[in-house]
Amino acid sequence: MDVNAAVAAAAAIAGVLTGVIAMLAFRWSERDQKRPTRTSLHTDPVLPPGVDTVLSVLRSSAVVLDEADTVVKASSAAYALGLVRGGKLAIEPMLGMARDTRRDGEIRQVELDLPRRGTGRGEALAVSARVAPLGSRLVLLLVEDLTEARRIEAVRRDFVANVSHELKTPVGALSLLSEAVMDASDDPEAVQRFAGRMQIEATRLTNLVQELIDLSRVQNDDPLEDAEPVRVDELVAEAIDRCRHQAGTKQITMAAGGTADLHVWGNRGQLAAALGNLVENAVNYSPARTRVGIAARRINATGGDMIELAVTDQGIGITDKDKERIFERFYRVDPARSRATGGTGLGLAIVKHVVASHGGEVTVWSAEGQGSTFTLRLPEAGVARDRASQHPDPDLEDEAGITESSPYEPLPAPEVLP
């Protein structure tokens, strides 16, 4: 009897314990379901209504942080810039700004230089970061990439500085020469000598101003507004005629050849200026009693046939270092020689912009002491409109992004022009 009572008591105690454990497990499960997890922070609608939609259309990189500095929302641009890694904001200065804003509610803004991901060249990414409170416990971080804007501003600043320097040189020379003429008023030979120098400097100043106007025009105008079919042989003849006097003075032979009856579509004036600049450079940088050749041909290319115009000289050549920069504004391979020939350093920059605006490209092959070959490739008339409408803006390209072409193969039956 005592044994039966003990068994019954034990069974009762076990039943009570089982009930208590079951009740505790149920309550523990309910509390677990209500507790926010790492996943729920990203999937539950914790952002205020409409904020998600607004952030998705912003051009800036957007990151939303909660009170634990965990990323609640981040745009794809934020990941691309390397702002978010492993669900956390990876930029310590921005994280400090977010914490300060969460504490006092003040909006903060700062510009930072961040290391560029994926490169070992130490290039910096310029960004502007703005932090503001979003609701009672969230913080919004907006980051704008300023790298390209700073690069363009630097290009414009250098351009203005170079223009100022280039204009000051002939103006200063004219001022000094005019004083020399006044002091030598009683010496006719000296006056004549100084007046000749004044004419040279005035011509250089005129050429510089004209090329600045030409460069501004080709950068801002759409060449296809006044486009027409242009005969390539007429462009070649005009370029040769433009440089006939300089070539004759140095006894340089000019030869034209290649495929006849070719046409390109574009602005005749701009195309003539581009080809003329290449021929003029070839003559100016070639020794006396050498040869300058101009050849044209049609080549097959993806999207339609291209017309290729090559200007070859037997001049001093261009080093590999200089080839990367010759299409920059005011850059000269040999400044002293450019002064002697009246060069402004804008001719090749004009060529680059004209060709790009017509949907083509310019390439260069050169070797020191062996001469150079500059090649223009332009869409043939008929397909040029489509190609030109897709050309990139040359100002947003890397200035060193000039490709090198192979030496141009001689074409048969050249026409020698004395």
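Only a predicted model underlies this, so the values are computations on that prediction, with no experimental measurement involved.

Reading the values: rules and limits
All residue numbers refer to positions counted from 1 along the written sequence of the respective chain. In keeping with the predicted nature of the model, local features appear solely for residues at pLDDT of at least 70, side-chain atom pairs appear and are counted solely at 80 or more, and the whole-chain, interface and lining totals rest on all residues. The basis for the side-chain values is all heavy atoms of the structure; hydrogens and waters are excluded. A run of DSSP states H or I qualifies as a helix once it reaches four residues; a run of E qualifies as a strand once it reaches two. Both are numbered from the N-terminal end. The buried label applies to any residue whose accessible area, calculated with a 1.4 Å probe on protein chains only, is under 20% of its type's maximum; exposed applies above 50%, and partly exposed to all values in between. The contact criterion used is simple: two residues touch if any of their non-hydrogen atoms lie within 4.5 Å. Surface exposure here means Shrake-Rupley accessible area, sampled with a 1.4 Å probe, where a residue is shielded only by the protein chains that are shown. By convention, a stacked pair of Phe, Tyr or Trp rings (six-membered ring in the case of Trp) has centres within 6.5 Å and planes under 30 degrees apart, an edge-to-face pair has planes over 60 apart, and any other such pair is tilted. Two limits define a charge over a ring: the Lys NZ or Arg CZ must be within 6 Å of the ring centre, and within 35 degrees of the ring normal. Any carboxyl oxygen of Asp or Glu that lies within 4 Å of a side-chain nitrogen of Lys or Arg is treated as forming a salt bridge with it. Fitting a line to C-alpha atoms yields each axis, with helices limited to the stretch in contact; the angle taken between N-to-C directions then spans 0 to 180 degrees. Each helix crossing is assigned a hand: it is left-handed if the near helix lies turned anticlockwise from the far helix by less than a right angle, otherwise right-handed if that turn is clockwise. Residues belong to a common nonpolar core when they are buried Ala, Val, Leu, Ile, Met, Phe, Trp, Tyr or Cys residues joined through side-chain atoms within 4.5 Å. Pairing between two strands requires that DSSP report at least two bridges joining them. The scheme is simple: roughly parallel for angles under 35 degrees, roughly antiparallel for over 145, roughly perpendicular for 65 to 115, oblique for anything else. Amino acids are sorted into nonpolar (Ala, Val, Leu, Ile, Met, Phe, Trp, Tyr, Cys and Pro), charged (Asp, Glu, Lys and Arg) and polar (every other residue, Gly among them). For a helix, the expected span equals 1.5 Å multiplied by the residue count minus one. Each polar contact in these results corresponds to two N or O atoms within 3.5 Å; when the atoms are within protein, one needs to be able to donate a hydrogen and the other to accept it, and residues that are neighboring in sequence are counted only if both atoms are side-chain atoms.

### Observations concerning the overall build of the protein chain
In terms of regular secondary structure, the protein chain is built from 14 helices and 15 strands. Out of the 418 residues belonging to the protein chain, those deemed buried represent 39%. Within the protein chain, contacts between residues at least 6 apart in sequence are counted, and of these 67% link residues at least 24 apart. Only carbon and sulfur atoms are counted for the fraction: they give 54% of the accessible area of the protein chain, which is about 23,500 Å².

### Quick notes on the packing of aromatic side chains
One pass over the full model with this rule turns up zero aromatic pairs. The aromatic ring of Phe194 is capped on one face by Arg193, whose charged end is 5.2 Å from the ring centroid.

### Some points on the environment of Pro170
Of note, Pro170 is situated in helix H6 (residues 147-183). The sequence separation of Pro170 and Ala202 amounts to 32 residues, and the corresponding C-alpha distance is 7.1 Å. Setting aside residues up to four positions removed in sequence, Pro170 forms contacts with Glu201 and Leu205.

### Focus on the pattern of salt bridges
Two side chains that carry opposite charge are able to pair once their charged atoms sit near each other. For the structure shown, the criterion picks out 19 salt bridges. Among the ionic pairs, Glu234 bridges to Arg268, the shortest N-O distance being 3.0 Å. With a gap of 34 residues between them, Glu234 in helix H8 (residues 232-242) and Arg268 in helix H10 (residues 268-284) connect regions that are remote in the sequence. Given the relative accessible area of 36%, Glu234 is considered partly exposed. Residue classification places Arg268 among the partly exposed positions, given a relative accessible area of 28%.

### Details of the packing of H10 against helix H13 (residues 347-357)
Closest axis-to-axis distance for the H10/H13 pair is 9 Å, and the angle between their directions is 140°. The two elements H10 and H13 cross, and the hand of that crossing is left-handed. From H10, Gln270, Leu271, Ala274, Asn277, Leu278 and Asn281 reach across to H13, where they touch Gly347, Leu348, Ile350, Val351, Val354 and Ser357.

### Some details on unusual backbone geometry
A positive phi is found at Asp69, a non-glycine position, where the angle reads about 65°. One can find Asp69 in the loop between strand S1 (61-65) and strand S2 (71-74). Look at Arg289: it is not a glycine, yet its phi comes out positive at around 60°. If you trace the backbone, Arg289 turns up in the loop between H10 and strand S11 (291-299).

### Section: the nonpolar core
Counting residues in each nonpolar core, the largest one holds 40 residues, and the members touching the most others are Val232, Val236, Val264, Leu275, Val311, Phe374 and Leu376. Per-element accounting of this core gives the leading share, eight residues, to H10. Every residue in contact with Phe374, bar those within four places of it in the chain, is listed here: Leu278, Leu309, Ala310, Val311, Ile318, Ile326, Phe327, Leu348, Thr363 and Val364. In this structure, Ile91, Leu125, Val127 and Ala129 belong to the second largest nonpolar core, which totals 23 residues.

### Structural notes on the sheet that holds strand S7 (residues 138-145)
Sheet architecture is open: five strands sit in the order S2-S1-S7-S6-S5, paired in antiparallel fashion. Each having just a single partner strand, S2 and strand S5 (108-115) make up the two edges of the open sheet. Ignoring strand direction, the axes of neighbouring strands in this sheet form an average angle of 25°. Judged from the three bridges that link them, S1 and S2 form a sheet pairing that is antiparallel.

### Let's talk about the packing of H8 against H10
Packing of H8 against H10 brings their axes to within 9 Å, and their N-to-C directions diverge by 50°. In this view, H8 runs oblique relative to H10, as classed from their interaxial angle. Crossing of H8 against H10: the hand is right-handed. When H8 is examined against H10, the residues Glu234, Leu235, Val236, Glu238, Ala239 and Arg242 are found in contact with a partner set consisting of Arg268, Leu271, Ala272, Ala273, Leu275, Gly276, Asn277, Val279 and Glu280. For the contact of H8 with H10, the residue count by class is eight nonpolar, two polar and five charged.

### Let's talk about the pairing of strand S6 (residues 124-134)
Along S6, eight of the 11 residues are buried, which leaves the element largely enclosed by surrounding structure. Pairing between S5 and S6: eight bridges, direction antiparallel. Within the sheet, the bridge partner assigned to Leu112 lies in S6 and is Val127. Of the pairings in the sheet, the one linking S6 to S7 comprises eight bridges and is antiparallel in character. Across the sheet, residue Ala132 finds its bridge partner in S7, namely Leu140. Linkage of S6 to S7, two consecutive antiparallel strands, is achieved through a turn of three residues, within which Gly135 is found at a positive phi near 80°.

### Regarding H10
For H10, with 17 residues, the first-to-last C-alpha span of 24 Å sits near the 24 Å given by 1.5 Å per residue. Of all 17 residues in H10, 12 are buried; the element is thus mostly enclosed. Those residues of H10 lying buried are Gln270, Leu271, Ala272, Ala274, Leu275, Gly276, Asn277, Leu278, Val279, Ala282, Val283 and Asn284. Capping of H10 at its N-terminal end is provided by Asn267; its side-chain oxygen lies 3.0 Å from the backbone amide nitrogen of Gly269.

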